[in-house]
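Chain by chain, the residues:
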Amino acid sequence: MARVADSVRSQFRGMCEALASLVLPAPCRICAQILDTGSRIPFCRACMSALTQTLPEPLCAQCGRPIVSTAVVEGISLPQCHLCRYGTYAFDFARSFGAYTSRMSRAILQLKYANVAPLGGWFARRLAGLVEHQPQDFAADAVVPVPLDQGRLRERGYNQAELIAKPLARLLGIPFRSYLLVRTRPRPNQLRLTRRERWETVRGAYATHKTAQVDKLRVILVDDVFTTGATLDACSRALKGAGATRVVGLTVARALPLSPALEAGMSDRDFGE
Ligand SMILES: [Zn+2]
Ligand SMILES: [Zn+2]
């Protein structure tokens, strides 16, 4: 009953916001600056331009992480980060559009909690740009969003990865298959997880749906953020275990070691990616 009331309340709030935006100048949902444009995406120009910054190259050929030391990549055509050299990930390769900055995290939160669907389309166009850059590497038969567990999906009403993956599939002309993967074990309720906890909570937490035809399938797996890569890895293992021949990951944002962490003397390895 409380859920129904919440949902009615949030729908009502959504209607009020939509009406208010017609008559009142709306603030940027990232920095609160008053918007001077009638864009369907409620971000100011400065925030939009910051969001279009791509990751600094060179990137690890497999996981797409920017490689900081150029000494590592000199003379190597396909450089790899230390995690990929150890064979950490089950996906064939992964790419992300931009860095997970505070602006990007707020933009993604809008997608998660405010259901700003046009934003899903905007992110999808950024990801389609990455695919066009490497069309052969991204050749695929299905676009699959990383699933939420049923409880979380019911609570939230939508899956943010799906809000990006669906318009992306349409842009690429590749079938959208949200039912291929299921999350069989829920994520723990705590918001922040350590790197080790992230790996432990997703290990074996995904499976392919029992009716899904996955054999020999090439999959583009879509999520909002690549944090440790544990989620994309767990989904890739489930898909490959069911016969998928190729799994490539695409995420809007990529968590990178930030300077305060590096200043505090943490190595890349402690930090995560
Ligand atoms: Zn702004
Ligand atoms: Zn790598």
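Remember, it's a predicted structure, so these values are computed and weren't measured experimentally. (Residues numbered from 1 in each chain as written. Chains lettered and ligands numbered in written order. Predicted model: local features only at pLDDT ≥ 70, side-chain atom pairs only at ≥ 80, totals over all residues. Heavy atoms only, no water.)

1. Quick notes on the packing of helix H6 (residues 117–133) against helix H8 (residues 160–172)
Then, number 1: Put simply, H6 and H8 touch, their axes get as near as 8 Å, and they point 50° apart. Relative to H8, the element H6 is oriented oblique. In this structure, H6 crosses over H8, and the sense of that crossing is right-handed. Of the residues in H8, those in contact with Gly 120, Gly 121, Phe 123, Ala 124, Arg 125, Leu 127, Ala 128 and Val 131 of H6 are Leu 163, Ile 164, Pro 167, Leu 168, Leu 171 and Leu 172.
Then, number 2: Of the residues belonging to the contact of H6 with H8, the class tally is eleven nonpolar, two polar and one charged. (Axes fitted to C-alpha atoms, helices over the stretch in contact; angles between N-to-C directions. Helix = DSSP H or I, 4+ residues; strand = E, 2+ residues; numbered from the N terminus. Parallel < 35°, antiparallel > 145°, perpendicular 65-115°, else oblique. Left-handed = near helix turned anticlockwise from the far one by under 90°. Contact = heavy atoms within 4.5 Å. Nonpolar A, V, L, I, M, F, W, Y, C, P; charged D, E, K, R; others polar.)

2. Let's talk about H8
Then, number 1: Here H8 is 13 residues long and its end C-alpha atoms lie 19 Å apart, about the 18 Å a rise of 1.5 Å per residue gives.
Then, number 2: The set of residues buried in H8 consists of Gln 160, Ala 161, Leu 163, Ile 164, Ala 165, Pro 167, Leu 168 and Ala 169.
Then, number 3: Looking one or two residues beyond H8, the residue adopting positive phi is Gly 173, at roughly 70°. (Expected span 1.5 Å × (residues − 1). Buried < 20%, exposed > 50% of the residue type's maximum accessible area, 1.4 Å probe, protein only.)

3. What to know about the coordination of the zinc ion (ligand 1)
Then, number 1: Here the zinc ion (ligand 1) is held by Cys 28 (SG), Cys 31 (SG), Cys 44 (SG) and Cys 47 (SG), and the distances to it run 2.3 Å.
Then, number 2: Coordination at the zinc ion (ligand 1) is tetrahedral: its four donor atoms span angles of 104 to 118° at the metal. (Donors = N, O, S within 2.8 Å, 3.2 Å for Na, K, Ca; no water. Tetrahedral: all angles 85-135°; square planar, octahedral: opposite > 155°, others 65-115°.)

4. Quick word on the coordination of the zinc ion (ligand 2)
Then, number 1: Surrounding the zinc ion (ligand 2) are the protein donor atoms Cys 60 (SG), Cys 63 (SG), Cys 81 (SG) and Cys 84 (SG), which sit 2.3 Å from the metal.
Then, number 2: Given four donor atoms and angles of 104 to 117° at the metal, the environment of the zinc ion (ligand 2) is assigned as tetrahedral.

5. Digging into the pairing of strand E5 (residues 218–226)
Then, number 1: The buried count for E5 comes to eight of nine residues, which makes it a mostly enclosed element.
Then, number 2: In the sheet, strand E2 (residues 142–145) pairs with E5 via four bridges, with the strands oriented parallel. Looking at E5, one finds that Ala 142 is bridged to Val 219.
Then, number 3: Bridging between E5 and strand E6 (residues 246–254) involves eight bridges; their strand directions are parallel. Along E6, the bridge assignment pairs Leu 221 with Gly 249.
Then, number 4: For the crossover from E5 across helix H10 (residues 230–241) to E6, the handedness is right-handed. (Pairing = 2+ DSSP bridges. Right-handed = clockwise from strand over helix to strand, strands pointing away.)

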